[in-house]
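Here is what each chain is made of, one letter per residue.
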Amino acid sequence: MSKLATAEADRSPSGWKIIWREIVRDKVAFASFLFLGLIIVFVYGISLVLDQKQIVTVDLFSLYKPPSAEFWLGTDYGGRDVFGQLIIGTRNSLSIGIIVTLMTGIIGILIGLLSGYFGGSVDNVFMRFVDFFMILPTLMIVIAFVTAVPKYSIISFSLIMTAFLWMGIARLIRSKALQERELDYIQASRTLGSSHLKIMFTQLLPNLSSIIIVTMTLNLAANIGLESGLSFLGFGFPESTPSLGTLVSYARNPQTLESRWWIWLPASVLILVLMLSINNVGQALKRATDARQRKG
Amino acid sequence: MALLDIKDLKVHFPIRGGLFGRAVGEVKAVDGVSLSIEQGSTYGLVGESGSGKTTTGRAIIGLNAITSGRVMFEGKDLNEGGKRSLLNARRDVQMIFQDPYSSLNPKKRVIDIVAEPLRNFERLSAQEEKRRVRELLEQVGLSAETIYKYPHEFSGGQRQRIGIARAIALKPKLIIADEPVSALDVSVQAQVLNFMQDIQKELNLTYLFISHDLGIIRHMCDHIGIMYKGRHVEQGTTSDIFHNPQHIYTKRLLAAIPDIDPTEREKQRQFRAAVKAEYDQAYRDYFDEEGLAYSLRPISSTHLVALPGKGG
């Protein structure tokens, strides 16, 4: 038993352990992490029992009710329960953020790895492609798409956003891969008979994992913000599919803004706190990848 | 027949410049190198930084593209037959890298590093693989319990041993050792070198040993080639080179070996000054207008020197 323990102690801490230690050491990041976990469990749990159809159904007998025992956060101009909309809206916003982050991550990693690993003309072709996407007026095109597609769901909305958001991570991975491929262990793998694909995914990718985790986390916050922004402008989800952005957009009505705080304030605060928390965790992750900045 | 036979190997790199990245010139990193190595022997390639010795080694194993010339391994041309033959040759030609820190993937455990060639070329069960890796590690003098450790938990010498274990995993015939000890401190150098000689006898290995350290070359090699600006200036057995150097560059290189006897210090200094004077005076005779060495000519059955002459 004791032998096992010493063997365990001899082993250096793995990447996950370092990340965990860094988060726990940083009180703010740890609180943010717990808060995020709670929100996610809470939101996805409750939205299972809530009936979206019933919540978004207009009820003319209970317009603009302030918070009460029946409607915890009151109702909006259609008599719809704000609390239910908040839960489902947070779920929708989080889902979109996560899906967009994952999809941009996968595309960005693939293109970045290919172009960084091979370099030369492959890199040139991919990077000109990235440049092309970068100069497009993303927001305008997204708005045009959203207007053009008559009926869209979480998936199609995420796809539209993904199409214009993968370039940043592709560039980042490419620049890191360009540095990394010059190291001898990549050359050594060639002489040992490994194929290019094998080297890219089993040798190169693990060495980029820390930077991938950090950027994806920070991207998550940015993507949630972007979705809320689009919905606020009226180019995101319709009111039948609530999101944090649609709730905040009710505040465009001056009367609502002035005297019916319960409609827009909770959603606004939630956006703020969510983004702050994700960023806090992201900063802790960032420190964990650089031994000189670590606190733990 | 020699195990490895190189004929007039050239490796040129384009210099890109201008608006569209056109090739505006070339660096002749290796410019007409010929050598042959017998099975079981050690050939030392010596030269100053930038003389093309490392590029020669990398071209043989396929890490640098060959501009022209032939690399024959066991009578087969490694350039012909496309990727297949190169891949098969990879089994038999392996490389030990200079820097034991960057040549091991920091995210991989020792077992994954040493087993990488086995996974590429041999179908072994997990159990067999573990046994083979343990054997290899014991062969290079590391404890078999280290297989689950990461590279950064080892010292430089130990890491270089892991690199050697990886290189001998496929039982290759030729190992290209690119300055395998220059990143290690002196006490560890001797350890690794002696160990390389031991496994050479044990496995009947052939080494192409690239180094700038003449003491190490003398200790390790049967044959020596001295390179300068991408060309051989002199080639011969170890005693040819050390006891009968013919080219002024070789003489100057040998004069630069430090002597540890302090009573001889003044004599050494004068000797070195004399060699330098000879070098400066004879430089124009031994090198052509571009400062390159002439072609090699035999002066005995084993000894070739790039002597000046019209045939050059």
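Residues numbered from 1 in each chain as written. Chains lettered and ligands numbered in written order. Predicted model: local features only at pLDDT ≥ 70, side-chain atom pairs only at ≥ 80, totals over all residues. Heavy atoms only, no water.

**Q** Pulling in residues and values, what's your account of the overall build of chain B?
**A** If you tally the helices and strands in chain B, you get 10 helices and 12 strands. For 312 residues, the compact-globule formula gives about 20 Å, and the C-alpha radius of gyration of chain B, at 21 Å, lands near that figure. Oriented by its inertia axes, the alpha-carbon framework of chain B measures out at about 65 × 55 × 45 Å. The buried share of chain B, reckoned over its 312 residues, is 50%. (Helix = DSSP H or I, 4+ residues; strand = E, 2+ residues; numbered from the N terminus. Rg over C-alpha atoms; globule rule 2.2 N^0.38 Å. Buried < 20%, exposed > 50% of the residue type's maximum accessible area, 1.4 Å probe, protein only.)

**Q** So what's going on with the sheet that holds strand 5 (residues 76–77) of chain B? Residues and values would help.
**A** All names here are of chain B. Here 4 strands make up an open sheet; going across it, the order is 2-1-4-5 and the pairing antiparallel. A single partner strand is all that each edge strand has here, and the edge strands are strand 2 (22–37) and strand 5. By the bridge criterion, 12 bridges tie strand 1 (residues 4–17) to strand 2 in an arrangement that is antiparallel. Paired with Ile6 across the bridge in strand 2 is Leu35. (Pairing = 2+ DSSP bridges.)

**Q** Can you tell me about the nonpolar core, naming the residues and giving the values?
**A** Counting 58 residues, the largest nonpolar core has Ile164, Met196, Phe209 and Phe287 of chain B as the members making the most contacts within it. Ranked by the residues each element gives to this core, the list is headed by helix 3 (residues 110–121) of chain B, at 7 residues. Every residue in contact with Phe209 of chain B, bar those within four places of it in the chain, is listed here: Thr42, Tyr43, Gly44, Leu45, Ala177, Pro180, Leu193, Met196, Ile216, Ile217, Met220 and Cys221 of chain B. With 33 residues, the next largest nonpolar core counts Ala29, Leu73, Ile87 and Ala284 of chain A among its residues. (Core = buried A, V, L, I, M, F, W, Y, C linked by side-chain atoms within 4.5 Å. Contact = heavy atoms within 4.5 Å.)

**Q** Account for the packing of aromatic side chains, naming residues and giving values.
**A** As enumerated under the stated definition, the model contains 16 aromatic pairs over all chains in all. Taking the centre distance of 5.8 Å and the plane angle of 70° together, the rings of Trp20 of chain A and Phe33 of chain A count as edge-to-face. Linking Trp20 of chain A in helix 2 (residues 15–25) with Phe33 of chain A in helix 3 (residues 27–49), this pair joins segments that are 13 residues apart in sequence. One cation-aromatic arrangement involves Arg252 of chain B over Tyr279 of chain B; the distance from NZ or CZ to the ring centre is 4.9 Å. (Phe/Tyr/Trp six-rings, centres within 6.5 Å; stacked < 30°, edge-to-face > 60°. Lys NZ or Arg CZ within 6 Å of the ring centre and 35° of its normal.)

**Q** Give a description of the sheet that holds strand 10 (residues 231–237) of chain B that names residues and reports values.
**A** For sheets, the rule is that strands pair by backbone hydrogen bonds, running either parallel or antiparallel. Residues and elements named next belong to chain B. Sheet architecture is open: 8 strands sit in the order 6-7-8-3-9-10-12-11, paired in mixed fashion. Across the chains shown, the open sheet's two edge strands, defined by having one partner strand only, are strand 6 (93–96) and strand 11 (297–298). Both strand 9 (residues 223–228) and strand 10 contribute to a ladder of 6 bridges, which runs antiparallel. For Ile224, the partnering residue across the bridge sits in strand 10 and is Gly236. The strands touched by helix 1 (residues 53–61) within the sheet are strand 3 (42–47), strand 6, strand 7 (174–178), strand 8 (206–211) and strand 9, with strand 8 carrying the most contacts at an inclination of about 145°. (Axes fitted to C-alpha atoms, helices over the stretch in contact; angles between N-to-C directions.)

**Q** Give a detailed account of the UniProt feature "domain: ABC transmembrane type-1" (unreviewed entry) in chain A, specifying residues and quantitative values.
**A** As annotated in UniProt, the feature "domain: ABC transmembrane type-1" (unreviewed entry) corresponds to residues 90–282 of chain A in the numbering used here. As annotated, residues 90–282 of chain A comprises 83% helix and 0% strand, and the C-alpha atoms at either end are separated by 20 Å. (UniProt positions renumbered as here; feature names shortened; annotations may be inferred.)

**Q** Now, about the interface of chain A and chain B: what can you tell me, with residues and values included?
**A** Reports often express the size of an interface as the amount of accessible area lost when the parts come together. Listed as interface residues are 20 residues of chain A and, on the opposing side, 25 residues of chain B. At the junction of chain A with chain B, the criterion picks out 0 salt bridges. Where chain A packs against chain B, one counts 12 residue pairs in polar contact (both at pLDDT 80 or more). Of all the elements in the fold, those that place two or more residues in the side of chain A that touches chain B are helix 10 (184–191) and helix 11 (196–233) of chain A. Here the side of chain A that touches chain B takes 7 residues from helix 10 of chain A, the largest share from any one element. (Salt bridge = Lys/Arg side-chain N within 4 Å of Asp/Glu carboxyl O. Polar contact = N/O pair within 3.5 Å; in protein donor to acceptor, adjacent residues only side chain to side chain.)

**Q** Tell me about the environment of Leu3 of chain B, and please be specific about residues and values.
**A** Inspection of the secondary structure puts Leu3 of chain B in the segment before strand 1. Expressed as a C-alpha distance, the spacing of Leu3 of chain B and Glu38 of chain B, which sit 35 residues apart in the sequence, is 5.3 Å.

**Q** Which residues make up the packing of helix 5 (residues 82–118) of chain A against helix 14 (residues 261–288) of chain A, and what values go with them?
**A** All names here are of chain A. The contact between helix 5 and helix 14 brings their axes to 10 Å, and the two run at 25°. Comparing their axes, helix 14 and helix 5 come out roughly parallel. Judged by the sense of rotation from one axis to the other, the crossing of helix 5 with helix 14 is right-handed. Contact with helix 5, carried on its side by Val82, Leu86 and Thr90, involves Trp262, Ile263, Pro266, Ala267, Leu270 and Leu274 of helix 14 and no other residues of that element. Here the residues of the contact of helix 5 with helix 14 are counted per class, giving 8 nonpolar, 1 polar and no charged. (Parallel < 35°, antiparallel > 145°, perpendicular 65-115°, else oblique. Left-handed = near helix turned anticlockwise from the far one by under 90°. Nonpolar A, V, L, I, M, F, W, Y, C, P; charged D, E, K, R; others polar.)

**Q** Explain the UniProt feature "transmembrane region" (unreviewed entry) in chain A to me, and be specific about the residues and the numbers.
**A** Under the UniProt annotation, "transmembrane region" (unreviewed entry) lies at residues 28–50, 94–117, 129–148, 154–173, 204–226 and 261–285 of chain A. Taken end to end, residues 154–173 of chain A is 85% helix and 0% strand, and its first and last C-alpha atoms sit 27 Å apart.

**Q** How would you explain the pattern of salt bridges if you had to name every residue and give the values?
**A** All names here are of chain B. Here the structure, examined in full by the defined rule, presents 21 salt bridges over all chains. The closest approach of N and O atoms between Asp92 and Lys173, which form a salt bridge, is 3.9 Å. With Asp92 in helix 2 (residues 82–92) and Lys173 in the loop between helix 5 (156–168) and strand 7, this residue pair connects regions lying 81 residues apart in the sequence. For Asp280, the salt bridge goes to Lys276, with nearest N and O atoms at 3.0 Å.

**Q** Describe a positive patch on the surface, with residues and values.
**A** All names here are of chain A. On the surface, a cluster of positive charge is made up of Lys17, Arg21, Arg25 and Lys27. If you trace the backbone, Lys27 turns up in helix 3. The class for Lys27 is exposed, based on a relative accessible area of 67%. (Patch = residues over 30% accessible without salt bridge, like charges linked within 9 Å, V, L, I, M, F, W, Y side chains within 5 Å. Areas by Shrake-Rupley, 256 points an atom, 1.4 Å probe, with all protein chains shown as cover. Lys, Arg positive; Asp, Glu negative; His and termini not counted. Charge placed at Lys NZ, Arg CZ, Asp CG, Glu CD.)

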